[in-house]
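Residue-level structure breakdown
One-letter residues, chain by chain:
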Amino acid sequence: MAETDPEPGPDGDAGGTRAPLSVPAQLVVAVGVAVAVVAATLHLAAAFLSVSPPNTLTKRHGAAIDDYVYPEFERVWKLFAPNPLQQNIAVQARAEIRTPDGGTATTGWRDLSAQDGAAIRHNPLPSHTQQNELRRAWEFYVGSHDAQERPQGARGDLSGQYIRRIVMLRFGREEDGGTVRRVQVRSATTPVAPPPWSDEKIDTKTVYRVLPWWTVTAEDLPGAMSR
Amino acid sequence: MNLPARLRTAAARGHARVTASALGPWQSAVVRIGFSFTWLLFLVREWPHRRELYGPDGPWNWDMAARLIDGNRAFTALMWSDSVVWFEIVYTLAIVSSALLLLGWRTRTMSVLFMIGVLSLQNRSIFVGDGGDNLVHLMAMYLVLTRCGRVWSLDARRAAREAERERPPRETTGVVLWAVTGSALLWAQLFTDARLFLTADGPLPGLGWATVLWGLWIVQAGWWFVRRHAPGEPRAVLDALANVAHNGALLVIMAEVCLLYASAGWYKIQGSRWQDGTALYYPLHLDYFSPWPALADVLAGSGTLVMVLTYGTVVAQVAFPFTLLNRRVKNAMLVLLMLEHLGIAVLLGLPFFSLAAIAADAVFLPTNFLRWAGARLGRARDRVTARAVRLPGQRARESDAESPAGTLVRPRTLRE
């Protein structure tokens with residue numbers, strides 16, 4: 001750390017040429033230094049314990065650490081660790097529409113993630129709308145629903161509504177020439193095949209997680225404020 | 001000397017050092033420039049998508065954000081009103097404050113506005129962010145406590161000019177800016193549902209946003225008053241306290257960068273793919289992270305190359321904090337990490353994440369290099385302006401006098 005190398009030589013005293021401070025002034029500065037030292041130590045200790053694996057100290061002081069770190073000092077740094085994601089997770093959707101002649105029809109599956117992928121391809125500056133919106137919304141949904149697609153707590157309801165609104169934003173009120181009445185979402189998970197030089201064998205078959213049909217309400221439509 | 005006496009001397013020397021000057025003026029300036037540039041570029045790039053990402057009618061609409069924030073109590077000015085006009089004002093202010101922080105105009109005030117902009121947009125829609133956003137979020141808060149505008153800034157240029165005058169300037173701009181920000185804060189406090197409390201719902205337990213924002217506002221006034229009316233000891237005390245805050249924040253920034261690499265590396269060691277040397281192969285084959293499939297195929301075509309890069313990444317990340325003990329190794333490692341981030345920017349399509357990471361790495365760049373680069377850039381700029389303006393004697397002064405490196409307020413020089 002270049003900045004904190006002890007500095008020999010005369011210009012180390014450049015800051016000390018002014019008149020020495022009075023005792024009260026020195027006290028104020030000393031208190032300032034003490035506060036800064038304590039604050040920096042506490043802050044870094046909390047930072048360390050918030051990224052460390054669960055351990056003796058986090059078990060004992062977990063609530064205090066969470067209280068300190070959330071919401072503004074959260075760190076999401078486990079980049080591609082412990083293992084990078086090894087599967088392509090695509091979110092797909094289809095709609096049940098009311099056709100102009102009054103009948104009902106079901107559209108084919110539309111691969112919304114593939115559309116994101118196409119927008120990212122050959123794009124030096126991918127937008128968060130392409131790279132993060134749907135991808136992270138799906139992570140949010142999966143993290144707050146159980147295997148029977150039951151929402152877990154308030155976040156579960158929010159994540160379901162978020163997915164519906166993203167789907168409806170991309171579909172629009174009309175799809176395939178009819179008004180969208182219900183939508184169904186599924187994820188298609190395809191493991192990345194092992195590298196060609198590897199002798200590993202894995203099944204690269206796509207696995208689907210199919211969600212129940214959702215009736216589209218006014219709250220799911222783009223631009224709808226629900227108040 | 002016995003040990004207690006030595007410790008006392010060391011403590012006294014340390015005390016003098018952290019109070020006497022704001023250390024790492026070029027490093028803190030380059031961090032300021034790096035992060036404000038990253039965020040500015042991001043905001044401009046997302047301009048067409050801004051309403052979808054953060055606007056009241058995006059898929060993560062205002063009501064949903066309000067429900068989530070009721071639980072996590074994060075700070076965002078976008079929840080003060082659900083009108084589109086307010087959203088546009090906040091987004092525009094975020095752009096303007098980033099640009100002005102980049103230039104170092106009224107740096108301290110701009111760093112606060114920059115932080116408000118970053119927190120407001122990111123906390124409004126936390127589910128569209130990624131690791132890069134997270135890094136900007138943290139650094140935006142730390143930068144507020146640093147004196148990051150002492151070099152390479154319009155403030156530094158102004159300070160150099162003022163140093164030649166006898167009386168301190170009237171500071172009309174500063175007073176107006178102070179009055180405007182104070183009125184805006186008062187409006188938020190009195191007429192909106194902003195959760196600006198003294199002790200609750202703040203960035204840290206027991207510290208509310210009202211305390212933080214009004215506190216910073218009062219400190220600005222105190223600073224102005226002392227500069228103008230009490231230039232003796234009060235000024236020296238405030239100066240020392242500002243140095244202490246700066247040095248503490250700079251230490252935290254450096255430690256956070258170490259923690260980032262250490263944790264990223266230590267978790268990777270536990271991963272089977274990082275152990276068998278194929279980890280890098282997989283992200284290159286994810287549809288969300290492959291803007292250049294042909295390029296990724298070339299890289300992923302060689303098992304040896306993938307293995308070397310995979311192991312190299314883990315080694316570099318785990319080793320980084322320890323390389324700081326040796327200046328040469330540290331500098332070599334910085335180059336490697338910055339190159340790796342450039343690679344990630346292109347190959348994985350994560351330019352803003354990579355820019356943020358490079359800006360954070362830059363806090364460890366050697367002073368010599370930064371000053372040399374600053375002087376070169378300054379000369380290049382002078383050549384360009386001289387060619388463009390063609391007014392000899394007015395703009396084309398001696399290059400060094402106008403170059404950024406020449407506009408510093410002469411903080412204590414730190415030898416690398």
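Residues numbered from 1 in each chain as written. Chains lettered and ligands numbered in written order. Predicted model: local features only at pLDDT ≥ 70, side-chain atom pairs only at ≥ 80, totals over all residues. Heavy atoms only, no water.

The next thing to look at is the overall build of chain B. Helix and strand counts for chain B come out as 18 helices and zero strands. Relative to the globule expectation of 22 Å for 416 residues, the C-alpha radius of gyration of chain B, 23 Å, shows essentially globular dimensions. Principal axes of the C-alpha set define a box for chain B whose edges measure 70 × 65 × 60 Å. With 416 residues in all, chain B has 53% of them scored as buried. Looking at chain B as shown, the accessible area adds up to about 18,400 Å², and 66% of this sits on carbon and sulfur atoms. (Helix = DSSP H or I, 4+ residues; strand = E, 2+ residues; numbered from the N terminus. Rg over C-alpha atoms; globule rule 2.2 N^0.38 Å. Buried < 20%, exposed > 50% of the residue type's maximum accessible area, 1.4 Å probe, protein only. Areas by Shrake-Rupley, 256 points an atom, 1.4 Å probe, with all protein chains shown as cover.)

What follows covers the packing of helix H1 (residues 23-51) of chain A against helix H11 (residues 233-269) of chain B. Across the interface, H1(A) lies against H11(B) with an axial gap of 10 Å and an inter-helix angle of 15°. In this view, H1(A) runs roughly parallel relative to H11(B), as classed from their interaxial angle. H1(A) and H11(B) meet at a crossing whose hand is right-handed. In this structure, H1(A) contributes Ala25(A), Val28(A), Val29(A), Gly32(A), Val33(A), Ala36(A), Ala40(A), His43(A), Leu44(A), Ala47(A), Phe48(A) and Val51(A) to the contact, and H11(B) contributes Glu233(B), Val237(B), Ala240(B), Leu241(B), Val244(B), Val252(B), Ala255(B), Glu256(B), Leu259(B), Ser263(B), Trp266(B) and Tyr267(B). (Axes fitted to C-alpha atoms, helices over the stretch in contact; angles between N-to-C directions. Parallel < 35°, antiparallel > 145°, perpendicular 65-115°, else oblique. Left-handed = near helix turned anticlockwise from the far one by under 90°. Contact = heavy atoms within 4.5 Å.)

Take the domain arrangement of chain A next. In terms of domains, chain A is made up of domain 1 (21-83) and domain 2 (87-220). Of note, the centres of domain 1 of chain A and domain 2 of chain A, computed from C-alpha atoms alone, are 39 Å apart. (Domains from an automatic or database assignment.)

Below, the discussion takes up the confidence of the model for chain A. Detailed reading of the predicted coordinates is not advisable wherever pLDDT is low. The predicted model of chain A has a mean per-residue pLDDT of 89, with 90% of residues at 70 or higher. Confidence over residues 1-17 of chain A falls short of pLDDT 50; this stretch has 30 contacts with residues more than four positions distant or in other chains. (pLDDT = per-residue confidence, 0-100.)

This brings us to the interface of chain B and chain A. Listed per partner, the contact involves 109 residues of chain B and 92 residues of chain A. Of the roughly 8,900 Å² buried between chain B and chain A, counting both surfaces, carbon and sulfur atoms make up 61%. Considering only the side of chain B, the residues that lose the most area to chain A are Phe127(B), Tyr267(B) and Tyr288(B), jointly responsible for 10% of the buried surface there. On inspection of chain B and its partner chain A, the count reaches two salt bridges. If you look at where chain B meets chain A, you find 33 residue pairs in polar contact (both at pLDDT 80 or more). The dominant element in the side of chain B that touches chain A, judged by the number of residues it contributes, is H11(B), at 18 residues. For the side of chain B that touches chain A, the class distribution of residues is 61 nonpolar, 26 polar and 22 charged. (Buried area = accessible area lost by both parts, 1.4 Å probe. Salt bridge = Lys/Arg side-chain N within 4 Å of Asp/Glu carboxyl O. Polar contact = N/O pair within 3.5 Å; in protein donor to acceptor, adjacent residues only side chain to side chain. Nonpolar A, V, L, I, M, F, W, Y, C, P; charged D, E, K, R; others polar.)

With that settled, consider helix H2 (residues 25-45) of chain B. Compared with the 30 Å implied by 1.5 Å per residue over 21 residues, the 30 Å span of H2(B) between its first and last C-alpha is a close match. Among the 21 residues that make up H2(B), 17 are buried, leaving the element largely enclosed by the rest of the structure. (Expected span 1.5 Å × (residues − 1).)

Moving on to the side chain of Asp133(B). Secondary-structure assignment places Asp133(B) in helix H7 (residues 131-143). Put simply, Asp133(B) is tucked away with no salt bridge, and the nearest opposite charge, on Arg136(A), sits 7.1 Å away. Only 2.7 Å separates the side chain of Asp133(B) from the side chain of His128(A), close enough to count as a polar contact. Contact partners of Asp133(B), with chain neighbours within four places excluded, come to His128(A), Trp39(B), Phe42(B), Gln122(B) and Val128(B). (Lys, Arg positive; Asp, Glu negative; His and termini not counted.)

Counting residues in each nonpolar core, the largest one holds 134 residues, and the members touching the most others are Leu196(B) and Phe320(B). Ignoring any residue separated from it by four or fewer positions in sequence, one finds Leu196(B) in contact with Phe75(B), Trp80(B), Leu185(B), Ala188(B), Gln189(B), Trp209(B), Ala210(B) and Leu213(B). Ala25(A), Val29(A), Val33(A) and Ala240(B) belong to the second largest nonpolar core, which has six residues in total. (Core = buried A, V, L, I, M, F, W, Y, C linked by side-chain atoms within 4.5 Å.)

Moving on to helix H15 (residues 327-347) of chain B. Residue and element names in this part refer to chain B. Between its first and last C-alpha, H15 extends 30 Å over 21 residues, near the 30 Å set by a 1.5 Å rise per residue. What H15 keeps buried is the set Lys330, Met333, Leu334, Leu337, Met338, His341, Ile344, Ala345 and Leu347. Along its buried surface, H15 packs onto H11, helix H13 (293-300), helix H14 (303-323) and helix H16 (351-361). The N-cap residue of H15 is Asn326: its side-chain oxygen and the backbone nitrogen of Arg328 are 3.0 Å apart. In the stretch just after H15, Gly349 is the one whose phi turns positive, near 65°.

With that settled, the discussion passes to the pattern of salt bridges. All names here are of chain B. Summed over the entire model, instances satisfying the criterion amount to 23 salt bridges over all chains. The residue Glu88 makes a salt bridge to Arg51 at a minimum N-O spacing of 2.7 Å. Of the two residues, Glu88 is situated in helix H5 (residues 84-103) and Arg51 in helix H3 (residues 50-54); the sequence distance between them amounts to 37 residues. Classification of Arg51 as partly exposed rests on a relative accessible area of 44%. A salt bridge links Arg158 to Glu171; the nearest nitrogen and oxygen atoms lie 3.8 Å apart. Remark: Glu171 occurs in the loop between helix H8 (154-164) and helix H9 (172-191) and Arg158 occurs in helix H8; sequence separation between them is 13 residues. By relative accessible area, Arg158 is classed as partly exposed at 22%. Put simply, Arg106, Asp155, Arg158, Glu162, Glu171 and Arg227 are held in one network by salt bridges that share partners.

A few words on the state of the cysteines. Put plainly, a disulfide is one covalent bond tying together the sulfur atoms of two cysteines. Enumeration over the complete set of coordinates arrives at zero disulfides over all chains. As a non-bridged cysteine, Cys148(B) has Cys258(B) as the owner of its nearest cysteine sulfur, 20 Å distant. (Disulfide = S-S within 2.5 Å.)

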